[in-house]
Amino acid sequence: MQIEAWRRLGLEGRVAVMLDMCEMAASTSKWGIRHRHPDYTDEQVHDAFLVLLWGEELFSKACPGRPLCKP
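Just so we're clear, the structure is a prediction, and the values are computed from it rather than from any experiment.

Comments concerning the pattern of salt bridges
Logical step 1: Taken as a whole and judged by the stated rule, the model has 6 salt bridges.
Logical step 2: A salt bridge links Glu4 to Arg7, with the nearest nitrogen and oxygen atoms 3.9 Å apart. Of this pair, Glu4 and Arg7 both sit in helix α1 (residues 2-36), separated by 3 residues, roughly a single helical turn.
Logical step 3: Its salt-bridge partner being Asp42, residue Arg34 comes within 2.7 Å of it at the nearest N-O pair.
Logical step 4: Overall, Arg34 belongs to the partly exposed group, its relative accessible area being 39%.
Logical step 5: Salt bridges here are not isolated pairs; linked through shared partners, they connect Glu43, Asp47 and Arg66.

Observations concerning the nonpolar core
Logical step 1: Counting residues in hydrophobic clusters, the biggest one holds 7 residues: Ala26, Ile33, Tyr40, Val45, Ala48, Phe49 and Cys69.
Logical step 2: Secondary-structure elements contributing two or more residues to this core are α1 and α2 (42-54).
Logical step 3: The biggest single contributor to this core is α2, with 3 residues.
Logical step 4: In contact with Ile33, not counting residues within four places along its chain, are Tyr40, Val45, Ala48, Phe49 and Pro71.

Conventions we followed
- Residues numbered from 1 in each chain as written.
- Predicted model: local features only at pLDDT ≥ 70, side-chain atom pairs only at ≥ 80, totals over all residues.
- Heavy atoms only, no water.
- Salt bridge = Lys/Arg side-chain N within 4 Å of Asp/Glu carboxyl O.
- Helix = DSSP H or I, 4+ residues; strand = E, 2+ residues; numbered from the N terminus.
- Buried < 20%, exposed > 50% of the residue type's maximum accessible area, 1.4 Å probe, protein only.
- Core = buried A, V, L, I, M, F, W, Y, C linked by side-chain atoms within 4.5 Å.
- Contact = heavy atoms within 4.5 Å.

Following this line, the structure appears as structure tokens:
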């Protein structure tokens, strides 16, 4: 039944569901960062999220000069 439901969604519908799920995962991750670091600004939360996704080394290379925010 589930496979048939996915088929009925079509390609555009499946992509929309995937994008919604990615947004929910990012929001949940950012909520967790805010919960652990209530003093972080919005920019620091975003940077900590990027550190979580990319790792410290890639973040430092991609955003030189920006302080490393722990997730």
